[in-house]
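Here are the chains, one letter per residue:
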Amino acid sequence: MESVHDDGVRLFSSKGRSRGDEAAAQRSDAAATPWQDPPAVRVQADIPREACQSVTVDPSELEQQQRADAARIASDAVELLEVLWGRALTGPVSSSQLRAMFILEHNDGINLRTLAGTMDSTPPSVSRLCDRLEAMGMIERTPSPASRREVRLHLSKSGHALLGELRTRRVQELQSVLARMSASRRQALVRGLESFRDAAYDELHGETNGDARTA
């Protein structure tokens, strides 16, 4: 339906508008109307009241769990280190003989019974082990000044040299692993291992104060 204006211009009523006119009108209305966010919807979750209450953790239980986790990770790391160090062990000594040499390096002059106790073995077995090490020139036996029946065990120069070469090869094996770590993680590892080393030293030597060791 259309109507004629006084000046002769034809005007269309709303029912007679074309589709193009309706689309233009809709665009004009949308531009004039400011954007409004949709109404917020509140969701009421069915959460038990006891689940919202704070959980109290016993500090002693938390510390025990942390120690257990650290011990497990350290045990896994030691097993992997044994594999890496096994690659570096190319000398004439076995792993048990090497262990005895390390003990003598840090406990020079101990007797056979003390060495056997440290290795958790029997004196006859450790005596045969020392016989083989002495035959290879890795250790030396000297009479004890306190008793003629007792002998003192010492690491020889050849034994010290062998341990030095072994440590060099171990460092090379470890460097290939450390190269896979970021610099920040390597620094954190150094700090943690220094603390672990000091604590292990105190544990082995029966000390409770780390300052006494470094004094």
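K.L.:
Could you clarify how one ought to interpret the overall build of the chain in this entry?
P.N.:
Tallying secondary structure elements over the chain gives nine helices and four strands in all. Helices and strands appear in the chain in the N-to-C order β-β-α-α-α-α-α-α-β-β-α-α-α. Expressed as a percentage of its 215 residues, the buried residues of the chain come to 15%. Per element, the accessible surface of the chain, about 17,100 Å² overall, is 53% carbon and sulfur.

K.L.:
Even after reading the chapter, I still don't get unusual backbone geometry, so can you show me in this structure?
P.N.:
What is expected of a backbone is that most residues other than glycine have negative phi and most peptide bonds are trans. Backbone geometry at D120 places phi at a positive 55 degrees, although glycine is not the residue there. On the secondary structure map, D120 appears in the loop between α5 (112–118) and α6 (123–135). For D120, a relative accessible area of 71% gives the class exposed.

K.L.:
Sorry if this is basic, but what is going on with the pattern of salt bridges here?
P.N.:
Once the charged atoms of two side chains with opposite charge are near each other, the side chains can pair. Under the defined criterion, the tally for this structure stands at six salt bridges. For E150, the salt bridge identified is with R152, shortest N-O distance 3.1 Å. Judged by relative accessible area, R152 falls into the partly exposed class, the value being 25%. With a shortest N-O distance of 3.3 Å, D198 and R197 are connected by a salt bridge. One network of salt bridges, in which partners are shared, links D131, E134 and R141.

K.L.:
Hey, could you run me through the environment of L129 in this one?
P.N.:
Here L129 lies in helix α6. Residue class for L129 comes out buried when judged on its relative accessible area of 7%. Residues within four places of L129 in sequence aside, it is in contact with S96, Q97, A100 and M119.

K.L.:
Looking at this structure, how should I read helix α7 (residues 157–178)?
P.N.:
Because an α-helix completes one turn every 3.6 residues, residues spaced three or four positions apart along the sequence face the same direction. Under the 1.5 Å per step criterion, the end-to-end length of α7 is 31 Å for 22 residues, consistent within 8% with the ideal 32 Å. When α7 is considered as a whole, its buried residues turn out to be G159, L162, L163, L166 and R170. Buried residues of α7 fall within an arc of 95 degrees about the axis and therefore sit on the same side. In α7, the exposed positions that point more than 90 degrees away from the buried face belong to K157, Q172 and Q175. Contacts from the buried residues of α7 go to α3 (59–88), α4 (95–106) and β4 (151–155).

K.L.:
What should I look at first to understand the nonpolar core in this one?
P.N.:
Generally speaking, nonpolar side chains in soluble globular proteins are found buried as a group. Counting 23 residues, the largest nonpolar core has V93, M101, L115, M119, L133, M138 and I139 as the members making the most contacts within it. At the level of secondary structure, the elements contributing two or more residues to this core comprise α4, α5, α6, β4 and α7. At six residues, α4 tops the list of elements feeding residues into this core.

K.L.:
Teacher, can you tell me more about the packing of α4 against α6 here?
P.N.:
Each pair of packed helices can be summarised by the angle the axes make with each other and by the distance between the axes. Two numbers describe how α4 lies on α6: the axes approach to 10 Å, and their chain directions differ by 85 degrees. Overall, the two elements α4 and α6 adopt an arrangement that is roughly perpendicular. When α4 is examined against α6, the residues S96, Q97, A100 and M101 are found in contact with a partner set consisting of L129, R132 and L133. Partitioning the contact of α4 with α6 into residue classes produces four nonpolar, two polar and one charged.

K.L.:
Explanation requested: the packing of α4 against α7 in the structure shown.
P.N.:
Direction vectors running N to C along α4 and α7 enclose 110 degrees, while the axes themselves pass 11 Å from each other. When the interaxial angle is binned, α4 and α7 end up roughly perpendicular. Contacts between α4 and α7 pair L98, M101, F102, E105 and H106 from the former with G159, H160, L162, L163, L166, R167 and R170 from the latter. Residues belonging to the contact of α4 with α7 are distributed by class as follows: six nonpolar, three polar and three charged.

Scoring rules and cut-offs
Residues numbered from 1 in each chain as written. Predicted model: local features only at pLDDT ≥ 70, side-chain atom pairs only at ≥ 80, totals over all residues. Heavy atoms only, no water. Helix = DSSP H or I, 4+ residues; strand = E, 2+ residues; numbered from the N terminus. Buried < 20%, exposed > 50% of the residue type's maximum accessible area, 1.4 Å probe, protein only. Areas by Shrake-Rupley, 256 points an atom, 1.4 Å probe, with all protein chains shown as cover. Salt bridge = Lys/Arg side-chain N within 4 Å of Asp/Glu carboxyl O. Contact = heavy atoms within 4.5 Å. Expected span 1.5 Å × (residues − 1). Arc of directions from axis to C-beta. Core = buried A, V, L, I, M, F, W, Y, C linked by side-chain atoms within 4.5 Å. Axes fitted to C-alpha atoms, helices over the stretch in contact; angles between N-to-C directions. Parallel < 35°, antiparallel > 145°, perpendicular 65-115°, else oblique. Nonpolar A, V, L, I, M, F, W, Y, C, P; charged D, E, K, R; others polar.

Bear in mind that shape data such as this cannot, by itself, settle questions of function.
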